[in-house]
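Here is how the chains run, residue by residue.
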Amino acid sequence: MGVTNKRTLTKTRRKLRDIDQIKEDLLSAKHLSQYKNSKAPEDLPGLGRHYCVECAKWFDTEHTLVAHRRGKPHRRRVKQLREEPTELTEAEAAALGKRVDNGKRDAPTDTIGDVEMAT
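This text gives an overview of the structure that appears in the document. (Residues numbered from 1 in each chain as written. Predicted model: local features only at pLDDT ≥ 70, side-chain atom pairs only at ≥ 80, totals over all residues. Heavy atoms only, no water.)

### Observations concerning the state of the cysteines
Throughout the structure, instances matching the rule amount to zero disulfides. Among the cysteines around C52, which has no disulfide bond, C55 carries the closest sulfur, lying 3.8 Å off. (Disulfide = S-S within 2.5 Å.)

### Brief notes about the packing of aromatic side chains
Tallied over the entire structure, the rule returns one aromatic pair. Considering the side-chain rings of Y51 and W58, the 4.6 Å spacing of their centres and the 45 degrees angle between planes classify their relative orientation as tilted. With a relative accessible area of 6%, Y51 lands in the buried category. For W58, a relative accessible area of 15% puts it in the buried group. (Phe/Tyr/Trp six-rings, centres within 6.5 Å; stacked < 30°, edge-to-face > 60°. Buried < 20%, exposed > 50% of the residue type's maximum accessible area, 1.4 Å probe, protein only.)

Interpretation in functional terms is not warranted from these geometric data alone.
Shown next, in the form of C-alpha cells:
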C-alpha cells in the first residue's frame, strides 16, 4: 500500500541523521567513513565531495557548502550539538509527569500566629 499522505512523504524524505549519530561522527572518523561509504558517490550531489558533518548534508559545489555554513540552520545545529543532554532522572520525571524537587521552600513572611481553639 503506497503512501497517500503527501506531508508524510516529504517529512520522511527530509529525514536527517539524529544528534547522537552526528556526535559519533564528530568523535570518530571511522563512524563517519562507514556512513559515507554506505552511499554511492554517483548518487550524491557533487559526487559526494562537499559534505557538512554537523548537518549531515551533501552539497553540489564548494560555494553552496560555504554559504550553508554561514547560514542560520547550520549555526543552530552546531549550537544543538554543543549542548549537553539532560540528565536521565530529569527526563524520566518529565515523562512521568512528576515534579522535580527543587529543595526546601522558605516559609511565608506574612503568616498569622497559631490561634488556640476554646474547648
